[in-house]
Amino acid sequence: MARIVILGAGESGAGAAVLAQKKGFDTFVSDMSTIKDNYKQLLDERGIPWEEGRHTEELILNADEVIKSPGIPNDAPMIRKVMEKGIPVISEIEFAGRYTDAKMVCITGSNGKTTTTSLIYHIFKKAGLNVGLAGNIGQSLAYQVAEYDYDYYVIELSSFQLDNMYKFHANIAVLMNITPDHLDRYGHQMQNYVDAKFRIIQNQTDEDAFIFWNDDPIIQRELHKYGIHGHYYPFAAKKEAGLAAFVEENKVWFMEPVAFNMEQEELALTGTHNLFNSMAAGISANIAGVKNECIREALSDFKGVEHRLEKVARVRGVEYINDSKATNVNSCWYALQSMKTKTILILGGKDKGNDYSEIADLVREKCSGLIFLGLHNEKLHAFFDGFGLPVRDVQSMKDCVDAAYEMARKGETVLLSPCCASFDLFKSYEDRGDQFKACVRNL
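> Got a minute to help me understand the environment of F235 in this structure?
Relative to the helices and strands, F235 resides in strand β11 (residues 231–238). Spatially, the C-alpha atom of F235 lies 9.7 Å from that of M176, the residues being 59 residues apart in sequence. If near-sequence neighbours (up to four positions away) are discounted, F235 is found in contact with M176, I211, F212, W213, N214, L243, A245, F276, M279, A280 and I283.

> Please explain the sheet that holds strand β2 (residues 26–31) as it appears in this structure.
On the basis of which strands lie adjacent, the open sheet formed by five strands has the order β3-β2-β1-β4-β5 and parallel pairing. Since the sheet does not close on itself, it has two edges, and those belong to β3 (50–52) and β5 (89–90), each with one partner. Pairing between strand β1 (residues 3–7) and β2: five bridges, direction parallel. Within β2, the residue paired with V5 across the bridge is F28.

> Would you explain the pattern of salt bridges in this entry?
Think of it this way: side chains of opposite charge can pair up when their charged atoms draw near. This structure, assessed with the given rule, holds 21 salt bridges. Close ionic contact of E51 with R54 constitutes a salt bridge, the shortest N to O distance being 3.3 Å. Looking at E51, the relative accessible area reads 3%, which means it is buried. Notably, a salt bridge pairs K379 with D351, separated by 3.3 Å at the nearest N-O pair. In this pair, K379 is assigned in helix α15 (residues 378–384) and D351 in the loop between β17 (343–347) and α14 (360–366), connecting sequence segments 28 residues apart. Overall, the relative accessible area of 37% leaves K379 in the partly exposed class. Salt bridges here are not isolated pairs; linked through shared partners, they connect E306, E310, D434 and K437.

> Help me understand the sheet that holds strand β7 (residues 131–135), please; the structure alone is not making it clear to me.
Two modes of strand pairing occur in sheets, parallel and antiparallel, and in both the strands are linked by backbone hydrogen bonds. Ordered in space as β7-β8-β6-β9-β10-β11-β12-β13-β14, the nine strands form an open sheet in which the pairing is mixed. The open sheet has two free edges, formed respectively by β7 and β14 (260–263), since each of these has just one partner strand. Adjacent strand axes in the sheet meet at a mean angle of 20° when their direction is disregarded. In the sheet, strand β6 (residues 103–108) pairs with strand β9 (residues 172–175) via four bridges, with the strands oriented parallel.

> What is the right way to read helix α4 (residues 77–84) from this model?
Since there are 3.6 residues in each turn of an α-helix, residues three or four apart along the chain are aligned in direction. Taken as a whole, α4 has its buried residues at M78, I79 and V82. The arc that holds the buried residues of α4, viewed along the axis, is 100°, so those residues lie on one side. Within α4, the exposed residues directed more than 90 degrees away from the buried face are P77 and E84. Just downstream of α4 lies G86, where phi reads positive at about 80°.

> Please clarify how the nonpolar core should be interpreted in this entry.
Soluble globular proteins tend to pack their nonpolar side chains together in the buried interior. Ranked by size, the top nonpolar core spans 50 residues in total, and within it L141, I155 and F198 carry the most contacts. In terms of residues, this core owes the most to one element, helix α1 (residues 11–22), which gives six residues. If sequence neighbours within four positions are ignored, I155 has contacts with I93, M104, V105, C106, I107, T117, A134, G135, L141 and F168. Within the second largest apolar cluster, 41 residues are counted, among which are Y152, L267, F276 and C294.

> In this structure, what is going on with the packing of aromatic side chains? I would like to understand it.
Summed over the entire model, instances satisfying the criterion amount to 18 aromatic pairs. Aromatic pair F95 and Y99: ring centres 5.4 Å apart, planes at 70°, arrangement edge-to-face. In this structure an aromatic cluster arises from ring pairing among Y356, F372, F383, F384 and F387.

> What exactly am I supposed to notice about the environment of W253 here?
Mapping W253 onto the fold places it in strand β13 (residues 251–254). Take W253: its relative accessible area is 27%, and that puts it in the partly exposed class. Not counting the four nearest positions on each side in its chain, W253 is found in contact with A244, A245, F246, E248, F260 and N261. A polar contact is formed between the side chain of W253 and the backbone oxygen of E248, at a distance of 3.3 Å.

Cut-off values and rules
Residues numbered from 1 in each chain as written. Predicted model: local features only at pLDDT ≥ 70, side-chain atom pairs only at ≥ 80, totals over all residues. Heavy atoms only, no water. Helix = DSSP H or I, 4+ residues; strand = E, 2+ residues; numbered from the N terminus. Contact = heavy atoms within 4.5 Å. Pairing = 2+ DSSP bridges. Salt bridge = Lys/Arg side-chain N within 4 Å of Asp/Glu carboxyl O. Buried < 20%, exposed > 50% of the residue type's maximum accessible area, 1.4 Å probe, protein only. Axes fitted to C-alpha atoms, helices over the stretch in contact; angles between N-to-C directions. Arc of directions from axis to C-beta. Core = buried A, V, L, I, M, F, W, Y, C linked by side-chain atoms within 4.5 Å. Phe/Tyr/Trp six-rings, centres within 6.5 Å; stacked < 30°, edge-to-face > 60°. Polar contact = N/O pair within 3.5 Å; in protein donor to acceptor, adjacent residues only side chain to side chain.

The structure is reproduced here in structure tokens:
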């Protein structure tokens, strides 16, 4: 019996373990951290052995294959030892893809992928398709392949998940954009990160579809390098030849495979970034054969994604907006661009090699004050102190919201759009956003 070892026992790892056991593998799970109780229960119910707080080499280095959770870097000590022994290391997505014939709709990009993924899933569900939601959102793909029998999967893929995917095949691949992110995981080499993103199309055939933002300079520069086989479906804000979607005369036009249009003001999501998210989702559904009327309706009634430009409350004439999911500079740029009033901007967290020059002009134009929420704010001070804006340093969410309450004037907006990962002060960006909402509601 072949042995599968799973490193990391979060959503991805626990799901991979369930599938591996179901497929008859000798399965073992190891996590250097404490495993959450719900995943321990899942493993125990199925009799899958596990360990936490350590990696026992003799139980790992005898594996025929290792499934690595995406949060573990490739240069982690145990991964190095596994690779030195010549044991293949793959992702949970790669493993799950071996055991399903479902059509795969896969979405990546530095920004917009969660919203676009959720929107495509919303359209497919409204159309009555038998579809699962997986990847960086929802239940793990491996768990769903083990427990359900879907015809389609809509999968959000991070660069970390793509890193250890080799034969996985996306029938529809969506690349929203590429801007600097996670450079600390890629040797501070942008090309390494770009290459990871383009892995989404690595096994496409002439029967497949590749949807991308036509005006992204990095995508345009890199397109010719990868031997793309799938049919191109580019989208952009302005009409030009060859686009699958664009805007003209306040209408969003979808050109292929079935042409239709809808009023731009009917889109449920506002802002330039959400226009692109809606275009990518509409093209994906069009390719999948969803009727035009259903696409229009679903694009009109979608409710949005938590922690992404989420309106929390209006307190004494000040609007509070939770954009905790903005964990890179480009995502914050889109948030600031959409602000209609002067803004108190909350920045900070675990820096990932950020270059804040991208938001400099918008900060000067839109912001009336800055709050730095983090353990190490030196880089933020070095960049922004010369802007002449009021600045406050805080190290808890309560102090942050209290500072915002003091600084913001009636008619202004308080925007949590941190540009950074959350792990210095919070468990996750969700935890950061939840704490922000709770503190605002307690004002």
